[in-house]
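Commentary on secondary and tertiary structure
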Amino acid sequence: MTTRAALARIAVLTALTATLLAACGSPTPAPVPTATPTPSATTTATTGAPSPTLLVTDFGADTVTFVDPSRPGRAADLGSVRVGTAPYGLAVAPDGTAWVATAEGVAVVDTRTRTRVALVPHTTRTGPVTTGEYRGGGMGIALSPDGARAYVGVNVPGGNGTLEVVDTATRTVVQVVPVGRRPFDVDVSADGRQVYVTDHDSFDVTTVDTATWAARRTEVAPYGTEGGLGSWLKPHYTAVRPSDGALLLPFEGERLAVVDPSTGRVTVEPMTANTHQHGVTAAPDGTLYIVGTGPIDPATDAGPSLTVRAPDGSERLVPLDGPHETVTLSPDARTAYVSGGFTREGGWDGLTVVDTATGRSTRLPVGHLPLAVAVLPDRP
C-alpha cells in the first residue's frame, strides 16, 4: 500500500478530522429497560450450536446490553442495564460478574440478576466526565486468571494514562501504574505475572510485572511514529498467542507485529486484508480473528473485513458490511461476534454474527454503538 507513509505525515489534518468525527459519535439515548433472561439452550442461526448469551458495552449510551444471538433481528436485544457514561471495555468472571470500564469508573454488574451492584471510581484524575472517542476514563480492562484483580487502562486526555488495579473482593483501587497514552486494550499473561497495556497514542505496549508493579515500554510501530498523534498507523488491540505468550498486534491488513514480552523484541509478518484494523482475538488453537474497519484511502485500500489467520500465517477474509470494532468467539470458536460500534464515523447499533467455518454472517441490531462483546457463562 503506497499511501501509508504519506498518511502518517499529515498529522495536523488527521487530528483535526478525528476531533470532528469524535464530536458526533456518542449521543446518550433514553434508558432501556431491563429484560427478563431467556433460556440459554437455544441455537444460533449460523452454526446450529447452542447459543450463549452475550453482553455488549454501549459506548453510545450509559448501558450494557444483553443479547441472544439466536433470535432474529431486534428480538436479539434482551434489554440493558445502566452502568456509567460511555462504557468501553468489558471482562466477565466465571461466576457471571461483569467488570465494565466507563468514563466514571469500573462498574460491577451481576449478570444473573441484571443489576449494577457497584461502581469503583477512578482514582486517576481524568477531567470532566464526557463521551466520544477521546473521553477520559476506563478503556481496556482484563481480569487476573484467579479473578482477584481487575486491571483497567485509564485514559487521561492530553497526557499519559494509567493502569488501575482493582481488588475484586473489596472493590477498591489498590495500585496505580503509569502507562502510555490512550490505553485501548489490556491483556494478561496466562500465568498472571504480567499485564500488557496497548497504548494507542504513544505507539507502544507497556508490560507491567504484577509482583513488583515495575513497568517496561516496548515501541510497536512497524510504520514508524512520524505522524505522531495524528497518525492512523498506531497499535489498537493485542492478542496473546496461546502457544508461547507472544503479543500479536495487527496493522492495516499488511503487517502483524509479533512482540516477545520477555525481551521486547518485535518482528513483523505480512498480512493480506489491506484495510485499517482494530480488534483482534485468538482462538485456543492459535487462529487469529482480526477486525478490519475499512479503508484509510478508499482509492487504494480494501473495505471492512474479518481476517481469519491460521497459525501457519495463511489467511482468508470475510467481508463485513460497514465498520466494526472488536471481536469475540463462542466457546467452541465456531462463531465470531463482531461489534458494530466503531468509535469513528460509520459505527452502527449492532453486531455481525459470523460462522467461522463458512464465513456466512448475520447482522443483529442491538445496543447503542456496542464496542466490547463478552460471552456470559452458562447458568447452572
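Residues numbered from 1 in each chain as written. Predicted model: local features only at pLDDT ≥ 70, side-chain atom pairs only at ≥ 80, totals over all residues. Heavy atoms only, no water.

**Some remarks on the overall build of the chain**
Assigned secondary structure in the chain consists of 2 helices and 30 strands. The burial tally for the chain puts 58% of its 380 residues in the buried class. (Helix = DSSP H or I, 4+ residues; strand = E, 2+ residues; numbered from the N terminus. Buried < 20%, exposed > 50% of the residue type's maximum accessible area, 1.4 Å probe, protein only.)

**Observations regarding the pattern of salt bridges**
Oppositely charged side chains may form a pair once their charged atoms are brought near each other. Summed over all chains, the structure comprises 12 salt bridges. Two residues, Asp191 and Arg193, come together in a salt bridge whose shortest N-O distance is 3.9 Å. Accessibility expressed as a relative area gives 60% for Arg193, which makes it exposed. One salt bridge in this structure joins Arg217 and Asp204, with 2.6 Å as the shortest N-O distance. Residue Arg217 is located in strand β17 (residues 215–219), and its partner Asp204 is located in strand β16 (residues 204–209); the two are separated by 13 residues in the primary sequence. Here the salt bridges share partners, and the residues they tie into one network are Glu133, Arg182, Asp201 and Lys234. (Salt bridge = Lys/Arg side-chain N within 4 Å of Asp/Glu carboxyl O.)

**Let's talk about the sheet that holds strand β20 (residues 255–259)**
Strands sit in the order β18-β19-β20-β21 across an open sheet of 4 strands; the sheet is antiparallel. In this open sheet, the two edge strands, each paired with only one partner strand, are β18 (239–240) and β21 (266–270). When strand β19 (residues 247–251) meets β20, the two strands line up antiparallel, connected through 5 bridges. Its bridge partner being in β20, Phe251 is matched across the sheet by Arg255. (Pairing = 2+ DSSP bridges.)

**Here we look at the packing of aromatic side chains**
Applying the stated rule across the entire model yields 3 aromatic pairs. With centroids separated by 6.0 Å and ring planes inclined at 75 degrees, the aromatic side chains of Tyr88 and Phe184 adopt a geometry described as edge-to-face. Pair noted here: Tyr88 is in the loop between β5 (77–82) and β6 (90–92) and Phe184 is in strand β14 (residues 183–188), with a separation of 96 residues, a long-range link. On the basis of relative accessible area, Phe184 is assigned to the buried category, the value being 2%. (Phe/Tyr/Trp six-rings, centres within 6.5 Å; stacked < 30°, edge-to-face > 60°.)

**A short note on the confidence of the model for the chain**
When the pLDDT values of the chain are averaged, the result is 89; 86% of them are 70 or greater. Across residues 5–47 the pLDDT falls below 50, and counting only partners more than four positions away or on other chains, this stretch makes 81 contacts in the model. (pLDDT = per-residue confidence, 0-100. Contact = heavy atoms within 4.5 Å.)

**Remarks on the nonpolar core**
By size, the foremost hydrophobic cluster in this structure holds 16 residues, and its most contacted members are Tyr88, Leu256, Val280 and Leu288. Elements represented by at least two residues in this core include exactly β20 and β23 (288–294). Among all residues touching Leu256, those that are not within four sequence positions of it are Leu248, Leu249, Pro250, Thr267, Val268, Glu269, Met271, Leu288 and Arg309. (Core = buried A, V, L, I, M, F, W, Y, C linked by side-chain atoms within 4.5 Å.)

**A word on unusual backbone geometry**
Backbone phi values are negative for most residues with the exception of glycine, while trans is the configuration of most peptide bonds. For Arg114, which is not glycine, the phi torsion reads 55 degrees and is therefore positive. Tracing the backbone shows Arg114 in the loop between β8 (105–110) and β9 (115–121). Phi at Glu252 is positive, roughly 60 degrees, even though this residue is not glycine. Checked against the element boundaries, Glu252 lands in the loop between β19 and β20. Judged by relative accessible area, Glu252 falls into the buried class, the value being 1%.

**With respect to the sheet that holds β14**
One open sheet holds the 4 strands; their spatial order is β14-β15-β16-β17, and the pairing between them is antiparallel. Strands with a single pairing partner mark the edges of an open sheet, and in this sheet they are β14 and β17. Pairs of neighbouring strands in the sheet enclose a mean axial angle of 20 degrees, with direction left out of account. Relative to strand β15 (residues 194–199), β14 runs antiparallel, the two being bridged by 5 bridges. Bridge pairing in β15 places Val188 opposite Val195. (Axes fitted to C-alpha atoms, helices over the stretch in contact; angles between N-to-C directions.)

**Focus on the environment of Asn160**
Counting through the fold element by element, Asn160 comes out in the loop between β11 (149–155) and β12 (162–167). Sequence separation between Asn160 and Val179 is 19 residues; the distance between their C-alpha atoms is 6.3 Å. With sequence-adjacent residues up to four places away left out, Asn160 is seen in contact with Val179, Gly180 and Arg181.

**Topic: the pairing of β8**
Along β8, 5 of the 6 residues are buried, which leaves the element largely enclosed by surrounding structure. Relative to β8, strand β7 (residues 97–101) is paired through 5 bridges, and the arrangement is antiparallel. Residue pairing for β8: Thr97 is matched across the bridge by Asp110. The turn joining β7 and β8, which pair antiparallel and follow one another in sequence, is formed by 3 residues. The pairing of β8 with β9 spans 6 bridges and is antiparallel. Bridging from a neighbouring strand, Val106 pairs with Val120 of β9. If you look at the hairpin formed by β8 and β9, you'll find 4 residues sitting between the two strands, and Arg114 has a positive phi there, around 55 degrees.

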